[in-house]
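Residues per chain are reported as follows:
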Number of protein chains: 2
Amino acid sequence: MNVPYRSAMAADPPARRGRPALLDAEQVVDAAVAILDAEGLAAVSFRRLSTELGVSHMTLYGYFDSKDDLLEALVARTIAVPAVRRSSTAPWDEVLLAVMLDIHRQLVSRPGIAELLITRELTGEWVAGVREQLLDILRNAGFTQRRATDGLSVLFNYLLGAVMIETHRGRGGSAASFRLGLRYLIDGLKSDLP
Amino acid sequence: MNVPYRSAMAADPPARRGRPALLDAEQVVDAAVAILDAEGLAAVSFRRLSTELGVSHMTLYGYFDSKDDLLEALVARTIAVPAVRRSSTAPWDEVLLAVMLDIHRQLVSRPGIAELLITRELTGEWVAGVREQLLDILRNAGFTQRRATDGLSVLFNYLLGAVMIETHRGRGGSAASFRLGLRYLIDGLKSDLP
DNA sequence: ACCTGAACACCGTTCAAGT
DNA sequence: ACCTGAACACCGTTCAAGT
């Protein structure tokens, strides 16, 4: 595995020995995002990317060890862990609702990302960050660890299913009906509070 | 579009003029199911299938107009519309729960099918059949058409998300937590009954 | 009627070589 | 240090020809 974002992380002076790099990983991800937005996930390929960037497709292996590596960087770039103000005085169920709606909005706005989260191993710091945040909300509300992780699974199942269906625009999911189900789930969780 | 299952549907005597077919569509789907079960959806390809069947990959275009056509037949073959006995005296929410669990069991037992349902346009008689059945349950329970379709969206979002996550074995979904969320959703629907 | 190979336009990845 | 083309093992699909 390459050190991710090799060039971007270099805080030390750029005076290295040897041939200077043509690109840095950020530029590759930029180009990938542009293709994703314009033509969807299926159009994102090393070969396509390389012609867009004016390099050999093999050059990209200098920045990412594999296509999966690139896609993970794409996920990391494109969605932010929602900022939840822990100092908030709002009740936990309202905070939870707001965070879920925020994630939903982000994922729907970049079709393809939800698919990556489900399909690839869903590791990566975004997943861990969101997970930790939601677990915190549930534990602070009084759920046991076990109840909290089960509740989280339920919420993620619903969220990702809704996003997948909406973004592939089969019939079914409207934004309004997404809220409806989310309310059912959160009400259900509330009723199970010890 | 080819007439689906051309040979299989022929109830008239098989005496046709011209060269007899080497295969029929059922055999192709059989082979596709075998590959799906053994190696997953990504391994199902016209070329792979054709070597397995001992024909040119181009021969398969005589049975299916495109790969999407084949995949639709794969879905149709592999999952049955759950039999719901309308005469049942059980309350609607129990019937709904049972049907959802049945669909869940079927989809989990054949990883890849849920992905096809979401990704491809989700047309086809299986989807229509299940949809009609669940709508019936909800309408008979007293939901308006609007409420019923929204409820259905919510249930499908959850079901397909859960199956996708479980079959891709990211953390998250256990069969037990699937039931939990399903109960929340059905309880929510019940509480919204006019 | 039905089957076929060649060709086209794509993939990701390995390897050995070039600067 | 970094970049590159050739090669390998794959895709789906079109087309014109073969039986």
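Figured I'd write up the structure that's included with this text. Remember, it's a predicted structure, so these values are computed and weren't measured experimentally. (Residues numbered from 1 in each chain as written. Chains lettered and ligands numbered in written order. Predicted model: local features only at pLDDT ≥ 70, side-chain atom pairs only at ≥ 80, totals over all residues. Heavy atoms only, no water.)

## Considerations on the overall build of chain A
Applied cut-off: Strands here are runs of E lasting at least two residues and helices are runs of H or I lasting at least four, both read from the DSSP assignment and numbered beginning at the N terminus. Only heavy atoms enter the contact rule, under which two residues are in contact if any of them lie within 4.5 Å. Areas reported as accessible are Shrake-Rupley estimates using a 1.4 Å probe. Residue values count occlusion only from the protein chains shown.
Within chain A one finds nine helices and zero strands. Ordering the α and β elements of chain A from the N terminus gives α-α-α-α-α-α-α-α-α. Nonlocal contacts in chain A, meaning residues at least 24 apart in sequence, comprise 67% of its contacts between residues at least 6 apart. Looking at chain A as shown, the accessible area adds up to about 9,900 Å², and 53% of this sits on carbon and sulfur atoms.

## Re the protein's contact with DNA strand D
This is how it is decided: Any residue with at least one heavy atom within 4 Å of a molecule or strand is counted as near it. Pairs of N or O atoms within 3.5 Å make up the polar contacts considered here, provided that, within protein, one atom can donate a hydrogen while the other can accept it, and that residues adjacent in sequence are counted only when both atoms are side-chain atoms. The classification used treats Ala, Val, Leu, Ile, Met, Phe, Trp, Tyr, Cys and Pro as nonpolar, Asp, Glu, Lys and Arg as charged, and all other residues, Gly among them, as polar.
Near DNA strand D, the surroundings consist of 21 residues, among which Leu22(A), Thr59(A), Ser45(B), Arg47(B) and Met58(B) are the closest. A share of 56% is what sugar and phosphate atoms reach among the atoms of DNA strand D within 4 Å of the protein. Contact between DNA strand D and Arg47(B): a base nitrogen at 2.6 Å from a side-chain N or O atom of the residue. Between DNA strand D and Tyr61(B), the relevant distance is 2.9 Å, taken from a phosphate oxygen to a side-chain nitrogen or oxygen of the residue. The residue makeup of the surface near DNA strand D, split by class, is eight nonpolar, six polar and seven charged.

## A few points about the packing of helix H7 (residues 125-141) of chain A against helix H8 (residues 145-167) of chain A
Residues and elements named next belong to chain A. Stated precisely, the cut-off is as follows: To get an axis, fit a line to the C-alpha atoms, keeping to the stretch in contact for a helix; angles then go from 0 to 180 degrees between the N-to-C directions. Each angle receives one of four descriptions, namely roughly parallel if under 35 degrees, roughly antiparallel if over 145, roughly perpendicular if within 65 to 115, and oblique otherwise. It is the rotation of the near helix from the far one that decides the hand of a crossing: anticlockwise by less than a right angle makes it left-handed, clockwise makes it right-handed.
As a packed pair, H7 and H8 sit with axes 9 Å apart at the nearest point and diverge in direction by 125°. By the angle between their directions, the pair H7 and H8 is classed as oblique. By crossing handedness, the relation of H7 to H8 is classed as right-handed. The segment H7 lies against H8, with Val130, Arg131, Leu134, Leu135, Leu138 and Arg139 engaging Gln145, Ala148, Thr149, Gly151, Leu152 and Phe156. When the residues that make up the contact of H7 with H8 are grouped by side-chain class, the tally is seven nonpolar, three polar and two charged.

## Some remarks on the protein's contact with DNA strand C
Around DNA strand C lies a shell of 21 residues, among which Ser45(A), Arg47(A), Met58(A), Leu22(B) and Thr59(B) are the nearest. Each atom of DNA strand C within 4 Å of the protein was assigned to sugar, phosphate or base; sugar and phosphate come to 56%. Separating a phosphate oxygen of DNA strand C from a backbone N or O atom of Phe46(A) is a distance of 3.2 Å. Taking Tyr61(A), its side chain carries an N or O atom lying 2.9 Å from a phosphate oxygen of DNA strand C. Counting residues per element, the surface near DNA strand C draws most heavily on helix H3 (residues 46-53) of chain A, which supplies three residues. Partitioned by chemical class, the residues of the surface near DNA strand C number eight nonpolar, six polar and seven charged.

## Notes on the interface of chain A and chain B
Quick note on the threshold: Accessible-area loss on putting two parts together, using a 1.4 Å probe and summing over both, is the definition of buried area adopted here. Here, a salt bridge means any side-chain nitrogen of Lys or Arg that lies within 4 Å of a carboxyl oxygen of Asp or Glu.
With 31 residues of chain A at the interface, the matching set in chain B holds 31 residues. Of the roughly 2,800 Å² buried where chain A meets chain B, counting both sides, 65% is carbon and sulfur surface. Applying the counting rule to chain A against chain B returns two salt bridges. Here Asp192(A) makes a salt bridge to Arg183(B), at a shortest N to O gap of 3.4 Å. In this structure, the connection of chain A to chain B is made through four residue pairs in polar contact (both at pLDDT 80 or more). Elements with a contribution of two residues or more to the side of chain A that touches chain B: helix H6 (113-119), H8 and helix H9 (175-191) of chain A. Ranked by residues supplied to the side of chain A that touches chain B, first place goes to H8(A) with eleven residues.

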